[in-house]
Amino acid sequence: MTASRERIDEPTYVSGPPCLIAGSASRHLAQRICELGGFAQVDVELTRFPDTEMHVRLVESVRGHDAFIIQSTCAPVNEHLVELLILIDTLSRASAGRITAIIPYYGYARQDRKSTGREPITAKLVANLISAAGANRVLAIDLHSPAIQGFFDIGMDHPTAIPLLANAIRNKIPPDSVIVSPDTGGVKRADFFASQLHLPIAILHKRRADGANVEIAAVIGDVRDRTPIIVDDIIATGGTLLEAVETLLRAGARPDVHVAATHGVFAGNAAQRLTHPAIKQIVVTDSIETPVGLREALPTLEVVSIAQLLGDAIYRLHNGLSLSALFNVNGIPPI
Ligand code: R5P
């Protein structure tokens, strides 16, 4: 057996029920998962040294336990990422039987390849760091690119929240709606969403000028006199959505736009940018906790919870059951 194969193998000594450890980015979500699934949570003492270095201590033993850390690597991204690595190291040194990092929102994912010279591939770097810290398994929801799964040489699970988002929109749209991918990279995601609602799709051809500015060069598909539902993985600055909405309106779509995205990053003045008269509904999940005041600033926002989905995944992983029911929805394999 080669060294890399050994890395993929699961540890053999896991005893007792699963235990959850909440990182500071995902406390509410972890709490909800515990309530729904009846899981125990291990408390963590997180303190700072005077120079801001982080110190973590688990308040009870996890020896032999099947441990699940819940931590999104959302803003402040570097803080939450380092906290995740420190939690993994802590569990490893406390002799947890198996360590699964549940990362509802996997940050740094958008740099998943070099698009020009002298650039990093941060999605791979983060995967390396998580493995090196001692995680045995990783689970993330709706990665920016599904190919990031292959950046891990440890077990990697990738359930989708698309059916949850589709259900939140299903009864609010007319039958002649159209699902829109705001860029060519999101076509498979939009296609899977469309299959949930039995609707056609249209595709926008997006070019990104920089982190906050995009331009849309073409609309592929029929959007005239239809209600558009824009499906994306991330809402960050809102630039992509805003440009997509303006382009769709110019192409004759109804001013009755719905938006579904798994991860509501809402950076900077995104809420202000997305307060647009044509946007009637924006649905995201709680993979990232909703910032205080955002719902008031953006009344069209709805948040659906992935707590049940993650609870099911934890139950299945712990009991050695297949996760395929979380991947194949209505018999259709996603993305
Ligand atoms: C890009 O490829 C992603 O799928 C999203 O469209 C993008 O990250 C959204 O970012 P923003 O809201 O800043 O335009």
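What you see is a predicted model; the values in this text were computed from it and never measured.

Asks: Sorry if this is basic, but what is going on with the nonpolar core here?
Replies: In summary, soluble globular proteins display a tendency toward joint burial of nonpolar side chains. Formed by 34 residues in total, the largest nonpolar core has its most connected members in I88, L91, Y106, I130 and F152. Put simply, the parts of the chain that give this core at least two residues each are β1 (18-22), β4 (54-58), β5 (66-70), α3 (77-93), β6 (98-103), α4 (122-133) and β7 (137-140). Per element, the largest residue contribution to this core is six residues, and it comes from α3. Ignoring any residue separated from it by four or fewer positions in sequence, one finds I130 in contact with L84, L85, I88, I103, Y106, A135, V138 and F152. Core analysis: the second largest hydrophobic core is formed by 27 residues, A202, L204, A270 and A271 among them.

Asks: What am I meant to see in the sheet that holds β1 here?
Replies: Picture the strands of a sheet paired through backbone hydrogen bonds; they go either parallel or antiparallel. Read from one edge to the other, the open sheet built from six strands follows the order β2-β1-β5-β6-β7-β8, with strand pairing classed as parallel. Looking at which strands have only one partner, the edges of the open sheet turn out to be β2 (40-41) and β8 (155-157). Relative to β2, β1 is paired through two bridges, and the arrangement is parallel. Along β2, the bridge assignment pairs L20 with Q41. On the sheet, helix α2 (residues 27-37) packs against β1, β2 and β5 and is oriented at approximately 160° with respect to β1. Sitting on the sheet, α3 touches β1, β5 and β6, and the angle it makes with β6 is about 165°.

Asks: Honestly, the pattern of salt bridges in this entry has me stumped. Any pointers?
Replies: Side chains that carry opposite charge are capable of pairing whenever their charged atoms lie near each other. In total, this model carries twelve salt bridges according to the counting rule given. Among the ionic pairs, D233 bridges to R189, the shortest N-O distance being 3.8 Å. Taken as a pair, D233 in strand β12 (residues 227-235) and R189 in helix α6 (residues 187-197) lie far apart in primary sequence, 44 residues in all. For the pair formed by D233 and R189, the shared burial category is buried. The network of salt bridges with common partners includes R189, D232 and D233.

Asks: I keep staring at the side chain of Q71 and nothing clicks. Help me out?
Replies: Looking at the element boundaries, Q71 is found in the loop between β5 and α3. Taking the relative accessible area as the measure of exposure, Q71 reaches 0% and is therefore buried. From its side chain, Q71 meets the backbone oxygen of H80 in a polar contact 3.1 Å long. Excluding residues within four positions of it along the chain, Q71 makes contact with G23, S24, A25, S26, H80, E83, L84, I102, I103 and P104.

Asks: Even after reading the chapter, I still don't get the domain arrangement of the protein chain, so can you show me in this structure?
Replies: Quoted interface sizes are often the accessible area lost when the parts come together. The assigned domain composition of the protein chain is domain 1 (3-160 + 308-327) and domain 2 (162-305). Summarising the inter-unit geometry, the C-alpha centres of domain 1 and domain 2 are found 28 Å apart. The interface of domain 1 with domain 2 comprises 16 residues on the first partner and 15 residues on the second. On the domain 1 side of the interface with domain 2, the three residues burying the most area are Y105, D142 and T160, jointly 35% of the side's total. Applying the counting criterion to the domain 1 and domain 2 interface returns zero salt bridges. At the boundary of domain 1 with domain 2, the tally comes to eleven residue pairs in polar contact (both at pLDDT 80 or more). Residues that form the side of domain 1 that touches domain 2 fall into these classes: seven nonpolar, five polar and four charged.

Asks: Would you explain the sheet that holds β12 in this entry?
Replies: The seven strands lie next to each other as β11-β10-β9-β12-β13-β14-β15, forming an open sheet whose pairing is mixed. Edge positions in the sheet fall to β11 (214-220) and β15 (301-304), since each has one partner strand and no second. The average angle at which neighbouring strand axes cross in this sheet is 25°, direction not considered. Alignment of strand β13 (residues 257-264) against strand β14 (residues 279-285), held across four bridges, turns out to be parallel.

Asks: Can you walk me through the environment of L143 in this structure?
Replies: Relative to the helices and strands, L143 is located in the loop between β7 and β8. C-alpha separation for the pair L143 and D112, spaced 31 residues apart in sequence, amounts to 10 Å. Discounting residues that sit within four places of it in the chain, L143 has contacts with Y106, I148, Q149, M156, H158 and R189.

Asks: I'm lost on the site of the ligand in this one. Help?
Replies: Near the ligand, the surroundings consist of 14 residues, among which R110, D232, D233, T237 and T240 are the closest. Here an oxygen atom of the ligand sits 2.5 Å away from a polar atom, N or O, in the side chain of T240. A total of 380 Å² of accessible area belongs to the ligand in isolation, and the protein chains cover 92% of it. Secondary-structure elements contributing two or more residues to the shell around the ligand are β10 (201-208), β12 and α7 (239-250). Residue composition of the shell around the ligand, by class: three nonpolar, five polar and six charged.

Asks: Please explain the state of the cysteines as it appears in this structure.
Replies: Disulfide: a covalent bond formed between the sulfur atoms of two cysteine residues. Following the criterion strictly, the structure yields zero disulfides and no others. Cysteine C34 is unpaired, with the sulfur of C19 as its nearest cysteine sulfur at 9.6 Å.

Cut-offs and rules
- Chains are numbered independently. Their residues run from 1 in the order of the written sequence.
- The predicted origin of the model limits local features to residues at a pLDDT of at least 70 and limits the giving and counting of side-chain atom pairs to 80 or more, whereas totals for whole chains, interfaces and linings rest on all residues.
- Only hydrogens and water are set aside; all other atoms, that is, all heavy atoms of the structure, feed into the side-chain values.
- Residues belong to a common nonpolar core when they are buried Ala, Val, Leu, Ile, Met, Phe, Trp, Tyr or Cys residues joined through side-chain atoms within 4.5 Å.
- Accessible area is worked out with a 1.4 Å probe on protein chains only. A residue is then buried under 20% of its type maximum, exposed over 50%, and partly exposed in between.
- Numbering of helices and strands runs from the N terminus; a helix is a DSSP stretch of H or I covering at least four residues, while a strand is a stretch of E covering at least two.
- Whether two residues touch is decided by their heavy atoms; if any such pair falls within 4.5 Å, the residues are in contact.
- Between any two strands, at least two bridges found by DSSP are needed for them to pair.
- Fitted lines through C-alpha atoms give the axes, limited to the stretch in contact for helices. The angle between two N-to-C directions lies from 0 to 180 degrees.
- Note on definitions: salt bridges are taken to be side-chain nitrogens of Lys or Arg within 4 Å of carboxyl oxygens of Asp or Glu.
- Any N or O atom pair separated by 3.5 Å or less is treated as a polar contact, with the protein-specific requirement of one donor-capable and one acceptor-capable atom, and with residues adjacent in sequence counted only for side-chain atom pairs.
- Domain boundaries shown here were taken from an automatic or database domain assignment.
- Two parts placed together each lose some accessible area under a 1.4 Å probe, and adding up what both lose gives the buried area.
- By the convention adopted, Pro, Cys, Tyr, Trp, Phe, Met, Ile, Leu, Val and Ala count as nonpolar, Lys, Arg, Asp and Glu as charged, and the other residues, Gly among them, as polar.
- Residues are counted as near a molecule or strand when any one of their heavy atoms sits within 4 Å of it.
- Using the Shrake-Rupley algorithm and a 1.4 Å probe, accessible areas are obtained, with residue cover drawn only from the displayed protein chains.
- The disulfide criterion is simple: two cysteine sulfur atoms within 2.5 Å.

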